[in-house]
Every structure is written in C-alpha cells, then in structure tokens.
Amino acid sequence: MEPNKVIAEFLDWLQKHPEFFLPVAWQNLPLLDENLAESDDDELFPIAMTISKWCSKHNLGEKLREKAAQRQDIEDAPTIDNTPSLKIKNVTDILRQNVKIRYEQMKKQVQGQQ
C-alpha cells in the first residue's frame, strides 16, 4: 500500500473513528507518538511503516489495509505531498497532534465510564 494512503487512512481513523482503538489499542497511542517523534521527516515511507507496525502489533493492520483499499478516491483524505520536506514534517506534526488528542479524549471517556 502506498505510504500516503496509510498515513491518510490512519489520520482519518484518529479524527473520525475512535472506536477502532477500542478496547485497548488506545492505551498504546503514546508509544506511537514516541515512535513517530523518532521518524525521519524526509520521506513518507518510514512514517507509514511506523504506523503499519503499530497497527499490526495492535491487531489493526488488516483493518488498516481493508479501509484504505475500500477508499475509492483518496482525494477526500488529507492531502500528503511527499516532495517538500517541510510538508512532510508537517505531516508528522499533524499525526502526532492527532495521536495525542485522540489519546486524551479516549482516556477521559474511559475514566468517565468507571
């Protein structure tokens, strides 16, 4: 799967589908954030590989592949241009921000249920 599709699909999950991270994968979103922080910002492939490995480890790899394959037109997903490094850095920053936001939201939701 193309790196931009992996990244776009995962970003869509973070923003619109928190249920994909239930019941326990959400607890390890901080680890994904740490791994993304270590990613080189010069190419999309390492970022997509980090996401794919995290998803695979949390039994979400197949779902990521299925959802990205179902997406007929990636244009409705965030645009990710892999030429200028500044934009790639922004992709990493955007992903990390969304990971942190989703983690905090799910943490509050779970704490509210207890």
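Residues numbered from 1 in each chain as written. Predicted model: local features only at pLDDT ≥ 70, side-chain atom pairs only at ≥ 80, totals over all residues. Heavy atoms only, no water.

A count of helical and extended segments in the protein gives five helices and zero strands. Going from N to C terminus, the protein has its helices and strands arranged as α-α-α-α-α. Expressed as a percentage of the 114 residues in the protein, the buried residues total 37%. Once local pairs closer than 6 in sequence are excluded, the contacts in the protein between residues at least 24 apart make up 78%. For the protein, the exposed surface amounts to about 6,900 Å²; the carbon and sulfur share of it is 47%. (Helix = DSSP H or I, 4+ residues; strand = E, 2+ residues; numbered from the N terminus. Buried < 20%, exposed > 50% of the residue type's maximum accessible area, 1.4 Å probe, protein only. Contact = heavy atoms within 4.5 Å. Areas by Shrake-Rupley, 256 points an atom, 1.4 Å probe, with all protein chains shown as cover.)

A volume near 160 Å³ is recorded for the largest pocket. Forming the walls of the largest pocket are Met1, Pro3, Val6, Phe45, Ala48, Met49, Ser52, Cys55, Ser56, Gly61, Leu64 and Arg65. When residues of the lining of the largest pocket are assigned to their parent elements, the largest contribution, six residues, is made by helix 3 (residues 44-57). Along the lines of polarity and charge, the residues of the lining of the largest pocket split into eight nonpolar, three polar and one charged. (1 Å grid on protein atoms, 1.4 Å probe; cavity = no way out; pocket = protein on both sides within 12 Å on 5 of 7 lines; lining within 4 Å. Points joined across faces, edges and corners; volume = space filled by probe spheres on them. Nonpolar A, V, L, I, M, F, W, Y, C, P; charged D, E, K, R; others polar.)

When you line up the elements, Ile101 lands in helix 5 (residues 85-113). A relative accessible area of 47% means that Ile101 is categorised as partly exposed. Each C-alpha atom of the pair Ile101 and Leu14 lies 8.6 Å from the other, and the pair is 87 residues apart in sequence.

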